[in-house]
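Here is what each chain is made of, one letter per residue.
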Amino acid sequence: MKRAIYPGSFDPITFGHLDIITRASKLCDELIVGVLNNKQKNPLFSIDERVSMIKELTDNLDNVHVECFEGLLVDFAKKKNAQVIIRGLRAVTDFENEIQLAQSNKVQYPDLETLFMTTSLQYSYLSSTVAKEFASYGGDISLFVPPQVIPLIEAKIKNKEK
Ligand code: ADP
């Protein structure tokens, strides 16, 4: 039984994340989307909001589960008895940070493998930050995030402006 974790902030989930989730779910028996409750970052969406958005959008994928976690990814992986970490790679800029992270995790938990999946070409520019940036200037984000997420981002941004 291969259980993998796809960790991230998902603030909010984009088409790029969904693409990785769908493709990764075909490679393992169970995929846990691990939503990081990182107190150092100042997310636009609360942890519960991020988890519930991803749950709704992955409802059709039977072997995908969504959970939040705090602290070290290796501890979460051990707790969940997961053998694989999935991360997405877009440009070279992702690489430096990702390899450092993967190697640190490997030192801490040698049985844990990190697998990198290359972004699909049409999402190679896409990040949660880009989606939030465009939305904050009233831009069209329909190519960045699923339709259900659009009103949620807009409402958050309106609230912030008050
Ligand atoms: P983090 O803060 O941990 O980087 P993110 O939510 O930004 O969390 O990203 C989670 C994972 O998804 C990372 O591995 C990231 O590289 C990957 N990812 C984000 N956007 C895309 C995309 N457009 N295509 C492929 N992978 C992506």
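As shown above, the structure is provided for reference.
Structure report, in brief. (Residues numbered from 1 in each chain as written. Predicted model: local features only at pLDDT ≥ 70, side-chain atom pairs only at ≥ 80, totals over all residues. Heavy atoms only, no water.)

Relative to each other, helix α5 (residues 128-136) and helix α6 (residues 149-161) sit at 60 degrees, their axes nearing to 10 Å. The angle between the axes of α5 and α6 places the two elements in the oblique class. Crossing hand, α5 versus α6: right-handed. When α5 is examined against α6, the residues K132, A135 and S136 are found in contact with a partner set consisting of I153, I157 and E161. Split by residue class, the contact of α5 with α6 holds three nonpolar, one polar and two charged. (Axes fitted to C-alpha atoms, helices over the stretch in contact; angles between N-to-C directions. Helix = DSSP H or I, 4+ residues; strand = E, 2+ residues; numbered from the N terminus. Parallel < 35°, antiparallel > 145°, perpendicular 65-115°, else oblique. Left-handed = near helix turned anticlockwise from the far one by under 90°. Contact = heavy atoms within 4.5 Å. Nonpolar A, V, L, I, M, F, W, Y, C, P; charged D, E, K, R; others polar.)

Right, let's get into the state of the cysteines. Applying the stated criterion to the full structure yields zero disulfides. Between C68, a cysteine without a disulfide, and C28, which holds the nearest cysteine sulfur, the sulfur-to-sulfur distance is 20 Å. Residue C68 is classed as partly exposed on the basis of its relative accessible area of 41%. (Disulfide = S-S within 2.5 Å. Buried < 20%, exposed > 50% of the residue type's maximum accessible area, 1.4 Å probe, protein only.)

A few words now on unusual backbone geometry. Most peptide bonds adopt trans geometry, and most residues besides glycine take a negative phi value. In this structure, the amide linkage connecting D11 to the following residue, P12, adopts the cis form with an omega of -5 degrees. Tracing the chain through its elements places P12 in the loop between β1 (3-8) and α1 (15-25). Positioned with a positive phi, F10 is a non-glycine residue whose angle comes to about 50 degrees. Its place among the elements puts F10 in the loop between β1 and α1. Judged by relative accessible area, which is 2%, F10 ranks as buried. We note that N81 has phi near 60 degrees; this positive angle belongs to a residue other than glycine. One can find N81 in the loop between α3 (73-80) and β4 (84-89).

Turning our attention to the sheet that holds strand β5 (residues 113-118). Strand order in this open sheet of five strands is β3-β2-β1-β4-β5, and the pairing throughout is parallel. Two strands lie at the open edges of the sheet, namely β3 (64-69) and β5, each paired on one side alone. Mean inter-strand twist for the sheet, computed between neighbouring axes without regard to direction, equals 30 degrees. Where β1 meets β4, two bridges bridge the pair, whose relative direction is parallel. What sits directly across from I5, in β4, is I85. Helix-sheet contacts for α3 involve β1, β2 (30-36), β3 and β4, and the interaxial angle to β1 is about 150 degrees. Along the sheet, helix α4 (residues 92-108) makes contact with β4 and β5, crossing β4 at roughly 170 degrees. (Pairing = 2+ DSSP bridges.)

In this section: the packing of aromatic side chains. For the structure on display, the rule yields five aromatic pairs. Both rings, one in F134 and one in F144, keep their centres 5.1 Å apart while their planes meet at 85 degrees; by these two values the pair is edge-to-face. One end of the pair, F134, is in helix α5; the other, F144, is in the loop between α5 and α6, with ten residues separating them in the sequence. A residue is classified by how much of its surface remains accessible, and F134, at 43% relative accessible area, is partly exposed. (Phe/Tyr/Trp six-rings, centres within 6.5 Å; stacked < 30°, edge-to-face > 60°.)

Limitation: the analysis is restricted to geometry and does not speak to function.
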